[in-house]
Amino acid sequence: MPADLNPSTKPPLSVRLRSDWLRGILRVDLIRHHTLIGLVQHWGDNDAREDVITQLDALAEAVQSPREGELDALTEAVEDAAALDTAEIDISLSDALRLRNELDAVIGRLSRFNPQRITAVPSLPERRTA
């Protein structure tokens, strides 16, 4: 695997380029952490646990041969049964600035073969003076 051309100082919350340079990757480990904690918080209540297990079993069965829209509906049923919050986190100003810089680097590489380039979003120097 080639060296990471845009390493982050904080990989658990970062934006990077996929190894084939065709897509960017947003990594937010804290969302997965909150999801797992939220899921197991209901394990102490037998009724809630049974509902979560039932919904997880239905999702597991559907994963074997999914029909269109089925996985989304079943995933939502698991989220509802476990009373999971929205998949979002707060970020500090320093993280927002770092993520913006990482995203700018990814956008520059993703748009390299675009003959018209992305002109709707100002480049980094223009944005900082605005």
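Residues numbered from 1 in each chain as written. Predicted model: local features only at pLDDT ≥ 70, side-chain atom pairs only at ≥ 80, totals over all residues. Heavy atoms only, no water.

Points about the overall build of the chain
Inference 1: Per the secondary structure count, the chain includes five helices and two strands.
Inference 2: In sequence order, the secondary structure elements of the chain are arranged as β-β-α-α-α-α-α.
Inference 3: Long-range contacts, defined here as pairs at least 24 residues apart, represent 52% of the contacts in the chain between residues at least 6 apart.
Inference 4: For the chain, the exposed area adds up to about 9700 Å²; of that, 55% sits on carbon and sulfur atoms. (Helix = DSSP H or I, 4+ residues; strand = E, 2+ residues; numbered from the N terminus. Contact = heavy atoms within 4.5 Å. Areas by Shrake-Rupley, 256 points an atom, 1.4 Å probe, with all protein chains shown as cover.)

Let's talk about the pairing of strand S1 (residues 13-17)
Inference 1: Within S1, four of the five residues are buried, which leaves the element mostly enclosed by the surrounding structure.
Inference 2: In the sheet, S1 pairs with strand S2 (residues 24-28) via five bridges, with the strands oriented antiparallel. The residue bridging Leu13 from the neighbouring strand is Val28, located in S2.
Inference 3: A loop of six residues connects S1 with S2, the two strands running antiparallel in sequence, and Trp21 in this loop sits at a positive phi of about 65 degrees. (Buried < 20%, exposed > 50% of the residue type's maximum accessible area, 1.4 Å probe, protein only. Pairing = 2+ DSSP bridges.)

Digging into unusual backbone geometry
Inference 1: Backbone geometry at Trp21 places phi at a positive 65 degrees, although glycine is not the residue there.
Inference 2: Position of Trp21 relative to the elements: it lies in the loop between S1 and S2.
Inference 3: Residue classification places Trp21 among the partly exposed positions, given a relative accessible area of 29%.
Inference 4: Phi at Ala83 takes a positive value of approximately 55 degrees, unusual for a residue other than glycine.
Inference 5: Along the chain, Ala83 turns up in the loop between helix H3 (70-81) and helix H4 (93-110).
Inference 6: Taking relative accessible area as the criterion, Ala83 reaches 48% and is therefore assigned partly exposed.

Describing a nonpolar patch on the surface
Inference 1: A grouping of Ile37, Val40, Trp43 and Leu56 is seen on the molecular surface, where their side chains present a nonpolar patch of about 310 Å² in accessible area.
Inference 2: Here Val40 lies in helix H1 (residues 29-41). (Patch = residues over 30% accessible without salt bridge, like charges linked within 9 Å, V, L, I, M, F, W, Y side chains within 5 Å. Salt bridge = Lys/Arg side-chain N within 4 Å of Asp/Glu carboxyl O.)

Overview of the environment of Gly38
Inference 1: With respect to the element layout, Gly38 can be found in helix H1.
Inference 2: Apart from the residues within four sequence positions on either side, Gly38 is in contact with Ala82 and Leu84.

Brief notes about the pattern of salt bridges
Inference 1: Taken as a whole and assessed by the stated rule, the structure comprises seven salt bridges.
Inference 2: Taking the shortest distance from any N to any O, the salt bridge between Lys10 and Asp95 comes out at 2.9 Å. Of this pair, Lys10 sits in the segment before S1 while Asp95 sits in helix H4, and the two are 85 residues apart along the sequence.
Inference 3: Where Asp29 meets Arg32, a salt bridge forms, and the shortest distance between an N and an O atom there is 3.8 Å. Of the two residues, Asp29 and Arg32 both sit in helix H1, three residues apart, roughly one turn of that helix.
Inference 4: With a relative accessible area of 54%, Arg32 lands in the exposed category.
Inference 5: Through salt bridges with shared partners, one network takes in Lys10, Asp95, Arg98 and Glu102.

Considerations on the environment of Arg16
Inference 1: Looking at where Arg16 falls in the secondary structure, it is placed in strand S1.
Inference 2: A C-alpha to C-alpha distance of 9.5 Å links Arg16 and Leu99, two positions 83 residues apart in sequence.

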